[in-house]
Amino acid sequence: MQEIYLGGVGMTKFGKRSESVVDLMVEAGRNAMEDAGVEKVDAVYVGVMSPEKFSGESNIASVITDRLGLVPVPATRIETASSSGAAAFDEAIYASASGYFDKVLAIAGEKMTGVSTVRASKILSEVIPPQERKYGSTMPALAALVTRRYMHEYGMEEEDFAHVAVKNHYNALHHPYAHFNKEVSLEDVINSRYVSDPLKLYDCAPISDGAASILLTREKSQVMLKGLGHGSDYVALSDRDSLTSFASTRAAAEMAYKMAGIGPEDISFAELHDAFTPFEIIGSEDVGFFPRGRGWIAAAEGITARDGRFPINPSGGLKARGHPVGASGLAQIVEAVWQLRGEAEDRQIPRDMRYALTQSIGGFATNNMVIILENTK
Amino acid sequence: MKGRILTHTSLRVVPEGYSSPLDICFVQTAKGTFLAYSPKNSKVRIGQRVTLKKQGKHYYAAERKFLGLI
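Residues numbered from 1 in each chain as written. Chains lettered and ligands numbered in written order. Predicted model: local features only at pLDDT ≥ 70, side-chain atom pairs only at ≥ 80, totals over all residues. Heavy atoms only, no water.

1. Remarks on the overall build of chain B
Move 1: Looking only at helices and strands, one finds 0 helices and 5 strands in chain B.
Move 2: Each helix (α) and strand (β) of chain B, taken in turn from the N terminus, gives the series β-β-β-β-β.
Move 3: Since a compact globule built from 70 residues should have a radius of gyration of about 11 Å, the 12 Å found for chain B is in line with a globular shape.
Move 4: Reported as C-alpha extents along the three principal axes, the dimensions of chain B are approximately 35 × 20 × 20 Å.
Move 5: Residue burial in chain B is summarised as follows: out of 70 residues, 47% are buried.
Move 6: Counted over contacts in chain B with a minimum sequence separation of 6, partners at least 24 positions apart contribute 37%.
Move 7: Summed over its atoms, the accessible surface of chain B is roughly 4000 Å², and 50% of this surface lies on carbon and sulfur atoms. (Helix = DSSP H or I, 4+ residues; strand = E, 2+ residues; numbered from the N terminus. Rg over C-alpha atoms; globule rule 2.2 N^0.38 Å. Buried < 20%, exposed > 50% of the residue type's maximum accessible area, 1.4 Å probe, protein only. Contact = heavy atoms within 4.5 Å. Areas by Shrake-Rupley, 256 points an atom, 1.4 Å probe, with all protein chains shown as cover.)

In C-alpha coordinates:
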(Lines give C-alpha, C1' and ligand atoms only; values in the text may rest on other atoms or scores of the structure.)
Protein backbone atom coordinates (compact mmCIF):
# COMPACT_ATOMS: atom_id res chain seq x y z
CA MET A 1 0.00 0.00 0.00
CA GLN A 2 1.19 3.52 -0.74
CA GLU A 3 2.35 5.66 2.17
CA ILE A 4 -0.43 7.98 3.31
CA TYR A 5 0.24 11.00 5.50
CA LEU A 6 -2.08 13.00 7.74
CA GLY A 7 -1.24 16.37 6.29
CA GLY A 8 -3.73 18.48 8.22
CA VAL A 9 -6.16 18.12 11.10
CA GLY A 10 -8.93 20.28 12.52
CA MET A 11 -11.78 20.28 15.01
CA THR A 12 -14.55 22.44 16.34
CA LYS A 13 -15.17 22.87 20.02
CA PHE A 14 -17.34 20.03 21.30
CA GLY A 15 -20.33 20.66 23.58
CA LYS A 16 -23.69 22.32 23.16
CA ARG A 17 -23.32 24.41 20.01
CA SER A 18 -25.75 26.79 18.37
CA GLU A 19 -24.50 26.07 14.82
CA SER A 20 -25.97 23.42 12.51
CA VAL A 21 -24.24 20.09 11.87
CA VAL A 22 -23.30 21.38 8.41
CA ASP A 23 -21.78 24.57 9.86
CA LEU A 24 -19.75 22.50 12.33
CA MET A 25 -18.43 20.11 9.70
CA VAL A 26 -17.56 22.96 7.34
CA GLU A 27 -15.66 24.69 10.17
CA ALA A 28 -13.72 21.50 10.94
CA GLY A 29 -13.01 20.85 7.25
CA ARG A 30 -11.67 24.39 6.74
CA ASN A 31 -9.46 23.99 9.82
CA ALA A 32 -7.93 20.76 8.46
CA MET A 33 -7.34 22.24 5.00
CA GLU A 34 -5.76 25.35 6.52
CA ASP A 35 -3.56 23.17 8.74
CA ALA A 36 -2.42 21.27 5.64
CA GLY A 37 -2.00 24.45 3.61
CA VAL A 38 -4.27 23.28 0.80
CA GLU A 39 -7.21 24.97 -0.90
CA LYS A 40 -8.39 22.09 -3.08
CA VAL A 41 -8.85 18.37 -2.52
CA ASP A 42 -9.67 15.46 -4.83
CA ALA A 43 -12.49 13.86 -2.82
CA VAL A 44 -14.52 14.32 0.36
CA TYR A 45 -15.70 11.55 2.73
CA VAL A 46 -18.23 12.55 5.38
CA GLY A 47 -18.88 10.46 8.51
CA VAL A 48 -22.09 11.12 10.40
CA MET A 49 -24.53 8.79 12.15
CA SER A 50 -28.01 10.23 11.92
CA PRO A 51 -28.29 13.84 10.70
CA GLU A 52 -31.78 13.06 9.36
CA LYS A 53 -33.10 12.28 12.86
CA PHE A 54 -30.95 14.61 14.96
CA SER A 55 -31.09 17.65 12.67
CA GLY A 56 -33.41 17.00 9.73
CA GLU A 57 -30.47 17.17 7.31
CA SER A 58 -29.91 14.80 4.40
CA ASN A 59 -27.70 14.65 1.29
CA ILE A 60 -25.13 16.00 3.72
CA ALA A 61 -21.92 15.09 1.85
CA SER A 62 -23.03 17.18 -1.12
CA VAL A 63 -24.11 20.08 1.08
CA ILE A 64 -20.77 20.17 2.93
CA THR A 65 -18.71 19.83 -0.25
CA ASP A 66 -20.70 22.69 -1.81
CA ARG A 67 -20.27 24.87 1.30
CA LEU A 68 -16.52 24.20 1.27
CA GLY A 69 -16.30 25.39 -2.34
CA LEU A 70 -15.04 22.02 -3.49
CA VAL A 71 -17.61 21.20 -6.20
CA PRO A 72 -17.24 19.16 -8.46
CA VAL A 73 -15.09 16.70 -6.43
CA PRO A 74 -16.72 13.39 -5.40
CA ALA A 75 -18.64 13.67 -2.11
CA THR A 76 -19.55 10.49 -0.20
CA ARG A 77 -21.25 9.86 3.12
CA ILE A 78 -20.17 6.98 5.36
CA GLU A 79 -22.20 5.59 8.28
CA THR A 80 -21.27 2.94 10.84
CA ALA A 81 -23.19 4.36 13.84
CA SER A 82 -20.85 5.73 16.53
CA SER A 83 -17.69 4.81 14.61
CA SER A 84 -18.74 6.78 11.50
CA GLY A 85 -15.84 9.21 11.93
CA ALA A 86 -13.27 6.42 11.93
CA ALA A 87 -15.07 4.77 9.01
CA ALA A 88 -14.87 8.00 6.98
CA PHE A 89 -11.13 8.00 7.71
CA ASP A 90 -10.89 4.35 6.56
CA GLU A 91 -12.64 5.09 3.28
CA ALA A 92 -10.55 8.20 2.71
CA ILE A 93 -7.42 6.11 3.25
CA TYR A 94 -8.58 3.49 0.73
CA ALA A 95 -9.37 6.26 -1.77
CA SER A 96 -5.95 7.83 -1.39
CA ALA A 97 -4.05 4.55 -1.20
CA SER A 98 -5.68 3.34 -4.41
CA GLY A 99 -3.66 5.98 -6.18
CA TYR A 100 -6.80 7.35 -7.78
CA PHE A 101 -6.92 10.42 -5.52
CA ASP A 102 -4.08 12.31 -3.86
CA LYS A 103 -5.59 14.76 -1.37
CA VAL A 104 -8.68 13.39 0.34
CA LEU A 105 -10.63 15.18 3.05
CA ALA A 106 -12.37 13.17 5.80
CA ILE A 107 -14.90 15.14 7.84
CA ALA A 108 -17.09 13.80 10.63
CA GLY A 109 -19.61 15.35 12.96
CA GLU A 110 -22.94 15.20 14.72
CA LYS A 111 -25.38 17.73 16.16
CA MET A 112 -27.22 15.97 18.99
CA THR A 113 -28.40 18.69 21.37
CA GLY A 114 -31.04 20.01 19.00
CA VAL A 115 -33.36 17.27 20.27
CA SER A 116 -34.35 16.37 23.84
CA THR A 117 -32.21 13.91 25.81
CA VAL A 118 -35.08 11.40 25.67
CA ARG A 119 -35.26 11.76 21.90
CA ALA A 120 -31.46 11.53 21.53
CA SER A 121 -31.43 8.36 23.64
CA LYS A 122 -34.15 6.88 21.46
CA ILE A 123 -32.19 7.63 18.27
CA LEU A 124 -29.06 6.07 19.76
CA SER A 125 -31.01 3.02 20.96
CA GLU A 126 -32.13 2.25 17.42
CA VAL A 127 -28.77 0.55 16.82
CA ILE A 128 -29.93 -2.17 19.25
CA PRO A 129 -31.69 -5.07 17.46
CA PRO A 130 -35.48 -5.24 17.92
CA GLN A 131 -35.34 -8.49 19.93
CA GLU A 132 -33.32 -6.71 22.63
CA ARG A 133 -34.80 -3.21 22.23
CA LYS A 134 -38.35 -4.44 22.89
CA TYR A 135 -37.43 -4.93 26.56
CA GLY A 136 -36.66 -1.20 26.91
CA SER A 137 -32.93 -1.76 26.52
CA THR A 138 -30.86 1.33 25.94
CA MET A 139 -27.14 1.68 25.26
CA PRO A 140 -26.41 2.38 28.96
CA ALA A 141 -28.49 -0.68 29.93
CA LEU A 142 -26.49 -3.00 27.66
CA ALA A 143 -23.24 -1.39 28.85
CA ALA A 144 -24.38 -1.98 32.43
CA LEU A 145 -25.04 -5.66 31.69
CA VAL A 146 -21.53 -5.98 30.25
CA THR A 147 -20.00 -4.10 33.19
CA ARG A 148 -21.69 -6.22 35.88
CA ARG A 149 -20.55 -9.39 34.17
CA TYR A 150 -16.97 -8.03 33.95
CA MET A 151 -17.09 -7.16 37.67
CA HIS A 152 -18.24 -10.70 38.41
CA GLU A 153 -15.56 -12.36 36.28
CA TYR A 154 -12.60 -10.18 37.27
CA GLY A 155 -13.32 -8.73 40.70
CA MET A 156 -13.65 -5.10 39.64
CA GLU A 157 -15.62 -2.79 41.95
CA GLU A 158 -17.57 0.36 41.04
CA GLU A 159 -14.82 2.55 42.50
CA ASP A 160 -12.27 0.96 40.18
CA PHE A 161 -13.85 2.11 36.93
CA ALA A 162 -14.70 5.49 38.47
CA HIS A 163 -10.95 6.20 38.13
CA VAL A 164 -11.42 6.35 34.35
CA ALA A 165 -13.87 9.27 34.64
CA VAL A 166 -11.60 11.12 37.08
CA LYS A 167 -8.57 10.67 34.80
CA ASN A 168 -10.35 11.67 31.61
CA HIS A 169 -11.92 14.79 33.12
CA TYR A 170 -8.48 15.80 34.43
CA ASN A 171 -6.95 15.27 30.97
CA ALA A 172 -9.57 17.51 29.33
CA LEU A 173 -9.24 20.26 31.91
CA HIS A 174 -7.32 22.62 29.59
CA HIS A 175 -8.44 21.14 26.25
CA PRO A 176 -9.75 24.12 24.24
CA TYR A 177 -12.10 21.92 22.20
CA ALA A 178 -13.44 19.70 25.01
CA HIS A 179 -17.08 19.56 26.08
CA PHE A 180 -16.05 19.60 29.75
CA ASN A 181 -13.18 21.62 31.24
CA LYS A 182 -14.05 20.46 34.71
CA GLU A 183 -12.32 18.11 37.13
CA VAL A 184 -14.40 15.51 38.94
CA SER A 185 -13.38 13.65 42.09
CA LEU A 186 -13.74 9.95 42.81
CA GLU A 187 -16.51 10.89 45.25
CA ASP A 188 -18.31 12.93 42.56
CA VAL A 189 -18.37 9.90 40.29
CA ILE A 190 -19.30 7.39 42.98
CA ASN A 191 -22.04 9.63 44.37
CA SER A 192 -23.59 10.47 40.99
CA ARG A 193 -26.97 8.89 40.36
CA TYR A 194 -27.38 5.52 38.71
CA VAL A 195 -28.37 5.52 35.06
CA SER A 196 -28.40 1.72 34.89
CA ASP A 197 -26.63 0.04 37.78
CA PRO A 198 -23.69 -0.36 38.18
CA LEU A 199 -23.21 2.55 35.74
CA LYS A 200 -23.71 6.07 37.10
CA LEU A 201 -24.17 9.38 35.35
CA TYR A 202 -20.43 10.17 35.46
CA ASP A 203 -19.61 6.83 33.87
CA CYS A 204 -21.44 7.86 30.70
CA ALA A 205 -20.19 10.14 27.91
CA PRO A 206 -22.33 13.22 27.33
CA ILE A 207 -24.58 14.10 24.41
CA SER A 208 -22.52 16.60 22.40
CA ASP A 209 -22.28 18.59 19.19
CA GLY A 210 -19.07 18.93 17.24
CA ALA A 211 -16.98 17.97 14.24
CA ALA A 212 -13.46 16.91 13.29
CA SER A 213 -11.56 16.66 10.04
CA ILE A 214 -8.35 15.22 8.57
CA LEU A 215 -6.67 15.91 5.24
CA LEU A 216 -4.95 12.81 3.86
CA THR A 217 -2.24 13.07 1.26
CA ARG A 218 0.58 11.14 -0.35
CA GLU A 219 2.87 14.12 0.27
CA LYS A 220 5.23 13.50 3.18
CA SER A 221 4.46 15.09 6.53
CA GLN A 222 5.25 14.25 10.16
CA VAL A 223 2.49 11.72 10.84
CA MET A 224 1.74 8.76 8.58
CA LEU A 225 -0.74 5.92 8.61
CA LYS A 226 0.88 2.72 9.83
CA GLY A 227 -2.02 0.32 10.39
CA LEU A 228 -5.72 0.11 9.70
CA GLY A 229 -8.15 -2.53 10.98
CA HIS A 230 -11.91 -2.95 10.89
CA GLY A 231 -14.01 -5.70 12.46
CA SER A 232 -17.70 -6.44 12.95
CA ASP A 233 -19.73 -8.57 15.35
CA TYR A 234 -23.20 -10.05 15.79
CA VAL A 235 -25.70 -7.26 16.36
CA ALA A 236 -27.47 -8.98 19.27
CA LEU A 237 -25.39 -9.13 22.43
CA SER A 238 -27.10 -12.42 23.27
CA ASP A 239 -25.59 -14.01 20.13
CA ARG A 240 -21.99 -13.36 21.20
CA ASP A 241 -19.53 -15.73 22.85
CA SER A 242 -18.37 -13.18 25.42
CA LEU A 243 -20.00 -10.27 27.23
CA THR A 244 -16.72 -8.93 28.59
CA SER A 245 -14.65 -8.57 25.43
CA PHE A 246 -15.54 -7.21 21.99
CA ALA A 247 -14.57 -9.49 19.11
CA SER A 248 -14.94 -6.59 16.66
CA THR A 249 -12.16 -4.68 18.44
CA ARG A 250 -9.95 -7.76 18.62
CA ALA A 251 -10.38 -8.40 14.89
CA ALA A 252 -9.70 -4.76 14.03
CA ALA A 253 -6.62 -4.66 16.26
CA GLU A 254 -5.23 -7.86 14.74
CA MET A 255 -5.60 -6.39 11.24
CA ALA A 256 -4.04 -3.08 12.24
CA TYR A 257 -1.03 -4.65 14.00
CA LYS A 258 -0.46 -6.99 11.06
CA MET A 259 -0.46 -4.12 8.59
CA ALA A 260 1.78 -2.03 10.84
CA GLY A 261 4.20 -4.88 11.52
CA ILE A 262 4.26 -3.99 15.20
CA GLY A 263 2.52 -5.16 18.37
CA PRO A 264 0.76 -3.58 21.34
CA GLU A 265 4.07 -3.32 23.19
CA ASP A 266 5.26 -0.78 20.59
CA ILE A 267 2.38 1.67 21.09
CA SER A 268 3.23 4.88 22.98
CA PHE A 269 -0.32 5.96 23.88
CA ALA A 270 -3.92 5.42 22.79
CA GLU A 271 -7.28 7.06 22.34
CA LEU A 272 -9.93 4.45 23.20
CA HIS A 273 -13.72 4.56 22.90
CA ASP A 274 -14.94 5.30 26.45
CA ALA A 275 -18.63 6.01 25.80
CA PHE A 276 -18.96 4.22 29.15
CA THR A 277 -15.98 4.18 31.48
CA PRO A 278 -15.68 0.35 31.63
CA PHE A 279 -15.40 0.35 27.81
CA GLU A 280 -12.00 2.05 28.09
CA ILE A 281 -10.91 -0.82 30.32
CA ILE A 282 -12.30 -3.51 28.02
CA GLY A 283 -10.83 -1.72 25.00
CA SER A 284 -7.40 -1.60 26.63
CA GLU A 285 -7.54 -5.40 26.95
CA ASP A 286 -9.03 -6.05 23.50
CA VAL A 287 -6.23 -4.16 21.73
CA GLY A 288 -3.68 -6.11 23.78
CA PHE A 289 -2.28 -3.46 26.15
CA PHE A 290 -3.21 -5.50 29.22
CA PRO A 291 -4.20 -9.15 29.77
CA ARG A 292 -7.92 -9.99 30.03
CA GLY A 293 -9.27 -8.93 33.41
CA ARG A 294 -6.27 -6.71 34.22
CA GLY A 295 -7.24 -3.45 32.47
CA TRP A 296 -9.16 -2.19 35.49
CA ILE A 297 -6.09 -2.62 37.69
CA ALA A 298 -4.02 -0.52 35.27
CA ALA A 299 -6.67 2.21 35.37
CA ALA A 300 -6.98 2.13 39.16
CA GLU A 301 -3.18 2.20 39.64
CA GLY A 302 -2.68 5.27 37.41
CA ILE A 303 -0.78 3.39 34.69
CA THR A 304 -3.13 4.89 32.07
CA ALA A 305 -2.80 8.48 33.37
CA ARG A 306 -1.24 11.08 31.07
CA ASP A 307 2.04 10.86 33.00
CA GLY A 308 1.66 7.12 33.62
CA ARG A 309 3.51 4.29 31.96
CA PHE A 310 0.81 3.83 29.32
CA PRO A 311 -1.35 6.94 28.73
CA ILE A 312 -4.90 6.37 27.51
CA ASN A 313 -7.22 9.14 26.35
CA PRO A 314 -4.97 12.17 26.90
CA SER A 315 -7.71 14.18 25.15
CA GLY A 316 -10.19 13.37 27.90
CA GLY A 317 -11.81 10.72 25.72
CA LEU A 318 -15.44 10.60 24.77
CA LYS A 319 -16.20 10.99 28.46
CA ALA A 320 -14.81 14.53 28.84
CA ARG A 321 -13.83 15.80 25.37
CA GLY A 322 -17.41 14.90 24.45
CA HIS A 323 -19.20 12.44 22.20
CA PRO A 324 -20.92 13.81 19.10
CA VAL A 325 -21.37 10.24 17.93
CA GLY A 326 -20.42 10.66 14.28
CA ALA A 327 -17.39 12.81 15.10
CA SER A 328 -15.73 10.86 17.90
CA GLY A 329 -13.80 8.31 15.83
CA LEU A 330 -12.15 11.06 13.79
CA ALA A 331 -11.57 13.34 16.79
CA GLN A 332 -9.55 10.52 18.39
CA ILE A 333 -7.22 10.52 15.36
CA VAL A 334 -6.95 14.32 15.43
CA GLU A 335 -5.80 14.10 19.07
CA ALA A 336 -3.29 11.39 18.18
CA VAL A 337 -1.81 13.66 15.49
CA TRP A 338 -1.58 16.63 17.89
CA GLN A 339 0.13 14.44 20.49
CA LEU A 340 2.62 12.95 17.99
CA ARG A 341 3.46 16.41 16.67
CA GLY A 342 3.94 17.73 20.21
CA GLU A 343 1.14 20.26 19.74
CA ALA A 344 -1.22 19.17 22.52
CA GLU A 345 -0.27 22.09 24.77
CA ASP A 346 -1.28 21.59 28.42
CA ARG A 347 -2.35 17.99 27.84
CA GLN A 348 0.82 16.94 25.97
CA ILE A 349 2.14 13.56 27.07
CA PRO A 350 5.57 14.35 28.53
CA ARG A 351 7.78 12.01 26.45
CA ASP A 352 8.90 11.23 22.90
CA MET A 353 6.39 9.02 21.12
CA ARG A 354 6.53 6.99 17.93
CA TYR A 355 3.25 5.08 17.58
CA ALA A 356 -0.31 6.05 18.54
CA LEU A 357 -3.37 3.80 18.43
CA THR A 358 -7.04 4.76 18.24
CA GLN A 359 -10.02 2.46 18.71
CA SER A 360 -13.58 3.42 17.77
CA ILE A 361 -16.74 1.47 18.60
CA GLY A 362 -19.70 1.50 16.21
CA GLY A 363 -23.15 0.64 17.57
CA PHE A 364 -22.89 -1.74 20.50
CA ALA A 365 -19.42 -2.85 19.36
CA THR A 366 -20.73 -4.22 16.07
CA ASN A 367 -18.48 -2.22 13.74
CA ASN A 368 -15.16 -1.23 15.28
CA MET A 369 -11.98 0.30 13.88
CA VAL A 370 -8.40 0.38 15.09
CA ILE A 371 -5.94 2.82 13.54
CA ILE A 372 -2.19 3.08 14.15
CA LEU A 373 -0.21 6.22 13.31
CA GLU A 374 3.55 6.73 13.20
CA ASN A 375 5.54 9.82 14.07
CA THR A 376 8.17 9.89 11.31
CA LYS A 377 10.36 12.56 12.94
CA MET B 1 -36.63 -23.06 29.75
CA LYS B 2 -34.29 -23.42 32.67
CA GLY B 3 -31.13 -21.38 32.96
CA ARG B 4 -28.85 -19.20 35.05
CA ILE B 5 -28.57 -15.43 35.22
CA LEU B 6 -25.42 -14.28 33.44
CA THR B 7 -25.76 -10.61 34.33
CA HIS B 8 -28.45 -8.09 35.25
CA THR B 9 -29.17 -4.39 35.63
CA SER B 10 -31.82 -2.05 36.92
CA LEU B 11 -32.33 0.72 34.38
CA ARG B 12 -33.32 3.99 36.10
CA VAL B 13 -33.41 6.28 33.05
CA VAL B 14 -35.92 4.44 30.89
CA PRO B 15 -37.19 5.06 27.35
CA GLU B 16 -40.62 6.56 26.72
CA GLY B 17 -43.39 4.07 27.43
CA TYR B 18 -41.50 2.16 30.17
CA SER B 19 -41.62 2.55 33.95
CA SER B 20 -38.52 3.05 36.11
CA PRO B 21 -36.85 0.99 37.40
CA LEU B 22 -36.72 -1.45 34.52
CA ASP B 23 -35.03 -4.69 35.59
CA ILE B 24 -33.55 -6.84 32.85
CA CYS B 25 -31.09 -9.71 32.70
CA PHE B 26 -29.36 -12.12 30.38
CA VAL B 27 -30.19 -15.75 31.07
CA GLN B 28 -28.01 -18.56 29.74
CA THR B 29 -29.96 -21.68 28.82
CA ALA B 30 -29.21 -24.86 26.90
CA LYS B 31 -30.83 -23.21 23.86
CA GLY B 32 -28.75 -20.06 24.04
CA THR B 33 -28.69 -16.73 25.83
CA PHE B 34 -31.86 -14.69 26.17
CA LEU B 35 -32.65 -11.20 27.38
CA ALA B 36 -35.51 -11.27 29.89
CA TYR B 37 -37.22 -9.27 32.58
CA SER B 38 -35.52 -9.99 35.90
CA PRO B 39 -37.11 -12.00 38.72
CA LYS B 40 -39.45 -9.86 40.82
CA ASN B 41 -39.84 -11.94 43.94
CA SER B 42 -36.24 -12.65 44.85
CA LYS B 43 -32.95 -10.77 45.03
CA VAL B 44 -31.34 -11.02 41.61
CA ARG B 45 -27.81 -12.38 41.45
CA ILE B 46 -25.41 -13.72 38.85
CA GLY B 47 -25.54 -17.51 38.75
CA GLN B 48 -29.11 -17.62 40.09
CA ARG B 49 -31.13 -20.56 38.76
CA VAL B 50 -34.26 -19.33 36.98
CA THR B 51 -36.91 -20.50 34.58
CA LEU B 52 -37.86 -18.42 31.54
CA LYS B 53 -41.55 -18.02 30.84
CA LYS B 54 -42.73 -16.36 27.64
CA GLN B 55 -45.70 -14.04 27.86
CA GLY B 56 -46.66 -12.32 24.65
CA LYS B 57 -43.40 -11.22 23.01
CA HIS B 58 -41.28 -11.14 26.17
CA TYR B 59 -39.43 -13.58 28.39
CA TYR B 60 -39.75 -13.29 32.15
CA ALA B 61 -37.21 -14.90 34.47
CA ALA B 62 -38.30 -16.25 37.83
CA GLU B 63 -37.26 -18.77 40.40
CA ARG B 64 -39.34 -21.88 39.85
CA LYS B 65 -41.40 -21.39 43.02
CA PHE B 66 -42.49 -17.92 41.83
CA LEU B 67 -43.33 -18.88 38.23
CA GLY B 68 -47.03 -18.85 38.94
CA LEU B 69 -46.86 -15.18 39.91
CA ILE B 70 -45.83 -14.08 36.39
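2. Side note on the environment of Thr-277 of chain A
Residue and element names in this part refer to chain A.
Move 1: Tracing the backbone shows Thr-277 in helix H11 (residues 277-286).
Move 2: Spatially, the C-alpha atom of Thr-277 lies 8.1 Å from that of Ala-205, the residues being 72 residues apart in sequence.
Move 3: Each residue touching Thr-277, except ones within four places of it in the same chain, is listed here: Phe-161, Val-164, Ala-165, Tyr-202, Asp-203 and Lys-319.

3. Focus on the side chain of Ser-248 of chain A
Residues and elements named next belong to chain A.
Move 1: Note that Ser-248 resides in helix H10 (residues 247-260).
Move 2: Residue classification places Ser-248 among the buried residues on the basis of a relative accessible area of 0%.
Move 3: Separated by 2.7 Å, the side chain of Ser-248 and the backbone oxygen of Ala-365 make a polar contact.
Move 4: Excluding residues within four positions of it along the chain, Ser-248 makes contact with Gly-231, Ser-232, Asp-233, Ala-365, Thr-366 and Asn-368. (Polar contact = N/O pair within 3.5 Å; in protein donor to acceptor, adjacent residues only side chain to side chain.)

4. Quick word on helix H5 (residues 117-125) of chain A
Move 1: Taken residue by residue, H5 of chain A has Ala-120, Ile-123, Leu-124 and Ser-125 of chain A as its buried positions.
Move 2: Residues of H5 of chain A that are buried make contact with helix H2 (51-55), helix H6 (130-133) and helix H7 (139-154) of chain A.

5. Remarks on the packing of aromatic side chains
Move 1: A full pass over the atoms with the stated rule returns 12 aromatic pairs over all chains.
Move 2: Consider the rings of Phe-276 of chain A and Phe-279 of chain A, whose centres lie 5.4 Å apart with planes at 80°: the pair is edge-to-face. Each of the two residues, Phe-276 of chain A as well as Phe-279 of chain A, counts as buried.
Move 3: Taking 5.2 Å as the distance between ring centres and 45° as the angle between the ring planes, the aromatic pair formed by Tyr-37 of chain B and Tyr-60 of chain B counts as tilted. Of the two residues, Tyr-37 of chain B sits in strand E3 (residues 32-37) while Tyr-60 of chain B sits in strand E5 (residues 58-62), which places them 23 residues apart along the sequence.
Move 4: Relative accessible area serves as the criterion here: at 27%, Tyr-60 of chain B is assigned to the partly exposed category.
Move 5: Ring-pair connections join several aromatic residues into one group, and the members of that group are Phe-246, Phe-276, Phe-279 and Phe-364 of chain A. (Phe/Tyr/Trp six-rings, centres within 6.5 Å; stacked < 30°, edge-to-face > 60°.)

6. Structural notes on the packing of helix H4 (residues 84-97) of chain A against helix H14 (residues 328-341) of chain A
Think of two packed helices as two axes; the pair is described by the angle between the axes and how far apart they sit.
Residues and elements named next belong to chain A.
Move 1: Close contact between H4 and H14 brings their axes to 4 Å; oriented N to C, the two are set at 70°. Comparing their axes, H14 and H4 come out roughly perpendicular. Contacts between H4 and H14 involve Gly-85, Ala-86 and Phe-89 from the first element and Gly-329, Leu-330 and Ile-333 from the second.
Move 2: A breakdown of the residues in the contact of H4 with H14 according to their chemical character gives 4 nonpolar, 2 polar and no charged. (Axes fitted to C-alpha atoms, helices over the stretch in contact; angles between N-to-C directions. Parallel < 35°, antiparallel > 145°, perpendicular 65-115°, else oblique. Nonpolar A, V, L, I, M, F, W, Y, C, P; charged D, E, K, R; others polar.)

7. Concerning the nonpolar core
Move 1: Ranked by size, the top nonpolar core spans 50 residues in total, and within it Phe-246, Phe-276, Ile-281 and Phe-364 of chain A together with Ile-24 and Val-27 of chain B carry the most contacts.
Move 2: Contact partners of Phe-246 of chain A, with chain neighbours within four places excluded, come to Val-146, Arg-240, Phe-279, Ile-282, Asp-286, Ile-361, Phe-364, Ala-365 and Asn-368 of chain A. (Core = buried A, V, L, I, M, F, W, Y, C linked by side-chain atoms within 4.5 Å.)

8. Remarks on the pattern of salt bridges
Residues and elements named next belong to chain A.
Move 1: Enumeration according to the criterion identifies 22 salt bridges over all chains in this entry.
Move 2: With its nearest N and O atoms 3.4 Å apart, the salt bridge here joins Arg-17 to Glu-27. Residue Arg-17 is located in the loop between strand E1 (5-11) and helix H1 (21-36), and its partner Glu-27 is located in helix H1; the two are separated by 10 residues in the primary sequence.
Move 3: The class for Arg-17 is buried, based on a relative accessible area of 15%.
Move 4: In this structure Glu-27 comes out as partly exposed when scored by relative accessible area, which is 29%.
Move 5: Here Glu-126 makes a salt bridge to Lys-53, at a shortest N to O gap of 2.6 Å. Taken as a pair, Glu-126 in the loop between H5 and H6 and Lys-53 in helix H2 lie far apart in primary sequence, 73 residues in all.
Move 6: Classification of Lys-53 as partly exposed rests on a relative accessible area of 39%.
Move 7: In this structure, a network of salt bridges that share partners links the residues Arg-17, Glu-19 and Glu-27. (Salt bridge = Lys/Arg side-chain N within 4 Å of Asp/Glu carboxyl O.)

Worth remembering: the numbers are spatial, not functional.
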